[in-house]
Amino acid sequence: MVRGVFITIEGCEGTGKSTQAALLAEALREAGLSVTEVREPGGTLVSEAVRDLLLDRAHDGLDPRAEILLYEASRAELVSRVIRPALAAGGAVVCDRFFDSTTAYQGYGRGLPLDQVVRLNQFATSGIVPDITIVLDLDPAEGLARATGGGADRLEAEELGFHERVRHGFLEIAAGEPERVVVVSATGTPAEVSQRVLEAVGRLPVLAAVIH
Ligand code: TMP
């Protein structure tokens, strides 16, 4: 079966994920690949509606179990409608956040049991795993200052300790799966970070030939 390449970009608030996802997608297109760009939560009509629910400060204090199920519901829609078909067609998919965000935010950040978080991730994705995941790493206080200039959403408004646990979570995930997850420093200009991201994804054999 044809199977494209699935790349996810992860990290705490204000690490520049969306900028880096766009720069990576552009580089892959220039290299001749057919690229689908998506973000989580979001990317379908229902998933974008769920995103609005999740980020709305009117829902401060949302029960953590309800929260994780909403993230997983958004993910299940995106995987079945967009990601799986794009990969089956042999394209590249660049996703701004994926299940590692759930492990980091709802597992490490909120304190939900990690084994249950992992099982929910597997259920929502029906087993799809990224070929490579880039974790953009930055001190959370610096990232929050970057991210919340225009006002904080429901997650950004969490206390600094929450964001520190989330960062620790991403680093633990990377330490546990070094063959899939690469930590890249998010300090410096977008062009500098992009160079590091390209080097990291270039270690995938299927991309080594197209990325210079
Ligand atoms: P962002 O993609 O604009 O950063 O916004 C998404 C927010 O949702 C961000 O604060 C991280 C959070 N999030 C979770 O808590 N769990 C998840 O599974 C995902 C995908 C995002």
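Predicted model, so just to flag it, every value in this text is computed and none were measured.

(A) Quick peek at unusual backbone geometry. With an omega dihedral of -15°, the bond running from Glu40 to Pro41 counts as a cis peptide bond. For Arg97, which is not a glycine, the phi torsion comes out positive at approximately 80°. Given a relative accessible area of 13%, Arg97 falls into the buried group. Backbone geometry at Ser126 places phi at a positive 45°, although glycine is not the residue there. Note that Ser126 resides in the loop between α5 (114-125) and β4 (132-137).

(B) How the structure looks around the sheet that holds strand β2 (residues 35-39). An order of β2-β3-β1-β4-β5 is seen for the five strands of this open sheet, with the pairing classed as parallel. A strand with exactly one partner marks an edge of an open sheet, and here the two such strands are β2 and β5 (181-185). Within this sheet the neighbouring strands show an average axis-to-axis angle of 20°, counted without direction. Summarising the sheet, β4 and β5 pair through five bridges and their orientation is parallel. Across the sheet, Leu136 pairs through a bridge with Val184, a residue of β5. Sheet contacts for helix α1 (residues 17-30): β1 (5-11), β2, β3 (92-96) and β4; angle to β3, the most-contacted strand, approximately 170°.

(C) Focus on the pairing of β3. In terms of burial, β3 is a largely internal element, five of the five residues being buried. A two-sided burial pattern is seen for β3, the buried positions comprising Ala92, Val94 and Asp96 on one face and Val93 and Cys95 on the other. Sheet topology note: the β1/β3 ladder contains five bridges and is parallel. From the neighbouring strand, Thr8 faces β3, where its bridge partner is Cys95. Relative to β3, β2 runs parallel, the two sharing five bridges. For Val35, the partnering residue across the bridge sits in β3 and is Ala92.

Thresholds applied
Residues numbered from 1 in each chain as written. Predicted model: local features only at pLDDT ≥ 70, side-chain atom pairs only at ≥ 80, totals over all residues. Heavy atoms only, no water. Buried < 20%, exposed > 50% of the residue type's maximum accessible area, 1.4 Å probe, protein only. Helix = DSSP H or I, 4+ residues; strand = E, 2+ residues; numbered from the N terminus. Pairing = 2+ DSSP bridges. Axes fitted to C-alpha atoms, helices over the stretch in contact; angles between N-to-C directions. Contact = heavy atoms within 4.5 Å.

Bear in mind that shape data such as this cannot, by itself, settle questions of function.
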